[in-house]
Amino acid sequence: MERISRFGLVNAYLVPEDDGLTLVDTLIPRSARPVLAAAERIGAPIRRIALTHAHGDHVGSLDDLVAALPGVEVLISARDARLLARDMALDPGEPDTKLRGSYPGTKTRPTRELQPADRVGSLEVIATPGHTPGHVAFLDPRDRTLYCGDVFSTLGGVATSARVNPRFPLTGMATWHGPTVLGSARALRALDAARLAPGHGKVVEAPAAAMDAAIAKGAA
Ligand SMILES: [Zn+2]
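Here is what the cut-offs are and how they apply
Residue numbering note: each chain is counted from 1, following its sequence as written. Per-residue local features are limited, in this predicted model, to residues with pLDDT of at least 70; the limit for side-chain atom pairs, both in listing and counting, is 80 or more; totals at the level of whole chains, interfaces and linings are taken over all residues. Excluded from the side-chain calculation are hydrogens and water; included are all heavy atoms of the structure. Throughout, exposure labels follow a simple rule: accessible area from a 1.4 Å probe, protein chains only, divided by the maximum for the residue type, with under 20% read as buried, over 50% as exposed, and the rest as partly exposed. Secondary structure elements follow DSSP: runs of H or I no shorter than four residues count as helices, runs of E no shorter than two count as strands, and numbering proceeds from the N terminus. The arc in question is traced by the directions running from the helix axis to the C-beta atoms. Between two residues, a contact is recorded if the distance between any of their heavy atoms is within 4.5 Å. Here a strand pair is declared whenever DSSP counts at least two bridges between the two strands. We call a crossover right-handed when, viewed with both strands directed away from the observer, the connection leading from the first strand over the helix to the second proceeds clockwise. Fitted lines through C-alpha atoms give the axes, limited to the stretch in contact for helices. The angle between two N-to-C directions lies from 0 to 180 degrees. The donor definition counts N, O and S atoms within 2.8 Å of each metal and applies 3.2 Å to Na, K and Ca; water is not among these atoms, so some sites may look incomplete. Within this scheme a cavity is a closed region of a 1 Å grid, computed over the protein atoms alone, that accommodates a 1.4 Å probe without allowing it to escape, whereas a pocket is open but has protein on both sides within 12 Å along at least five of seven lines; lining residues each have an atom within 4 Å of a point. Grid points are joined across faces, edges and corners, and a volume is the space filled by probe spheres set on the points. Nonpolar residues are Ala, Val, Leu, Ile, Met, Phe, Trp, Tyr, Cys and Pro. Charged residues are Asp, Glu, Lys and Arg, and all others, Gly as well, are polar.

Visitor: So what exactly am I meant to see when it comes to helix α1 (residues 32-42) here?
Guide: Along an α-helix, residues three or four apart share an orientation, since each turn contains 3.6 residues. Among all positions of α1, only A32, V35, A38 and A39 are buried. For α1, the angular spread of buried residues about the axis comes to 135°, placing them on one side. Of the exposed residues in α1, those oriented more than 90 degrees away from the buried face are R33, E40 and R41. The elements touched by buried residues of α1 are β1 (2-6), β2 (10-17), β3 (20-24), β4 (46-50) and α3 (62-68). Following α1 by one or two positions, G43 adopts a phi angle in the positive range, close to 85°.

Visitor: Looking at this structure, how should I read the pairing of β4?
Guide: Walk down a regular strand and you will see the side chains alternate between the two sheet faces. Within β4, four of the five residues are buried, leaving the element largely enclosed by the surrounding structure. With four bridges joining them, β3 and β4 adopt parallel strand pairing. When the sheet's bridge partners are listed, T22 is paired in β4 with R48. Note that the unit made of β3, α1 and β4 has a crossover that is right-handed. Here β4 runs beside strand β5 (residues 73-77); their pairing, made up of three bridges, is parallel. When the bridges of β5 are listed, I49 appears paired with V74.

Visitor: Could you clarify how one ought to interpret the pairing of β3 in this entry?
Guide: Across the five residues that make up β3, a large majority, five, are buried. Inspection of the sheet shows β2 paired to β3 by five bridges, in the antiparallel sense. Counterpart to Y13 in the pairing with β3 is V24. Hairpin geometry of β2 and β3 is characterised by an intervening segment of two residues between the two adjacent antiparallel strands.

Visitor: I would appreciate a short explanation of the sheet that holds β3 in the present structure.
Guide: The pairing of strands in a sheet happens through backbone hydrogen bonds and is either parallel or antiparallel. Read across the sheet, six strands follow the order β1-β2-β3-β4-β5-β6 without closing on themselves; strand pairing throughout is mixed. Two strands bound the open sheet, and with one partner strand each, they are β1 and β6 (112-114). Averaged over all adjacent pairs, the angle separating strand axes in this sheet is 25°, with direction ignored. The strands touched by α1 are β1, β2, β3 and β4; relative to β1, the strand with the most contacts, the crossing angle is about 155°.

Visitor: What should I look at first to understand the coordination of the zinc ion in this one?
Guide: As a benchmark, a tetrahedral metal site with four donors has ideal angles of 109.5 degrees, while an octahedral site with six donors has ideal angles of 90 or 180 degrees. For the zinc ion, the full set of protein donor atoms is H53 (NE2), H55 (ND1), H131 (NE2) and D150 (OD), and the range of their distances to it is 2.1 to 2.3 Å. The sequence pattern describing where the donors of the zinc ion fall on their chain is H-x1-H-x75-H-x18-D. For the pair formed by H53 and H55, the shared burial category is buried.

Visitor: I would appreciate a short explanation of the layout of surface pockets in the present structure.
Guide: The gaps left among the atoms become clear once a water-sized probe is rolled over them. What the largest pocket holds in volume is close to 230 Å³. Forming the boundary of the largest pocket are 13 residues, of which V158, A159, N165, P166 and K217 lie nearest the centre. Looking at the lining of the largest pocket, the elements that each hand over two or more residues are β12 (159-160) and α7 (208-219). Broken down by element, the lining of the largest pocket gets its largest block of residues, three residues, from α7. For the lining of the largest pocket, a count of residues per class yields five nonpolar, five polar and three charged.

Given below as structure tokens:
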């Protein structure tokens, strides 16, 4: 797996597969070039783009990448696909709290809408709602890397996005429903991942204790 970071603030990942690469998230706008350059260095084509959620700092270069990669698959949860199309209505039964963070939308529509327990190449799709209503994480069962999107960030210490981390407030401030994030954070902890690869911050090896502490802090 290769991490691509913009300004040390936001990450995308290139995950190797037999047929090429899966790109997890697309960074902020004007990031297509470093992503394509990283794939070129690896020497494999990007076959699919899997999005953890519809916030602008994760979908920002989607349209540019799709334009540069004819035939690429685009995958996002069915729920966040509506946010990608700028349909901001909440579903019946969802907590009636305000959607936060930026939802710029994209011209690109997904080629496939993800459901829990789907697969994206080798990656297992894990429903992790809360930061956004349809947030998903991806677990690579080959090496137990957990691409957790914005459920956890590691910038300014490992923290959940259930509440605002004063050392890196962005993810907490953009969270739709904190208690739901905490449930998702516990579900991810239960997977016993070998490494945590977040949307913001460095990859953390053997993250169990740090995830436990972050969950305890988020619930306090
Ligand atoms: Zn986010």
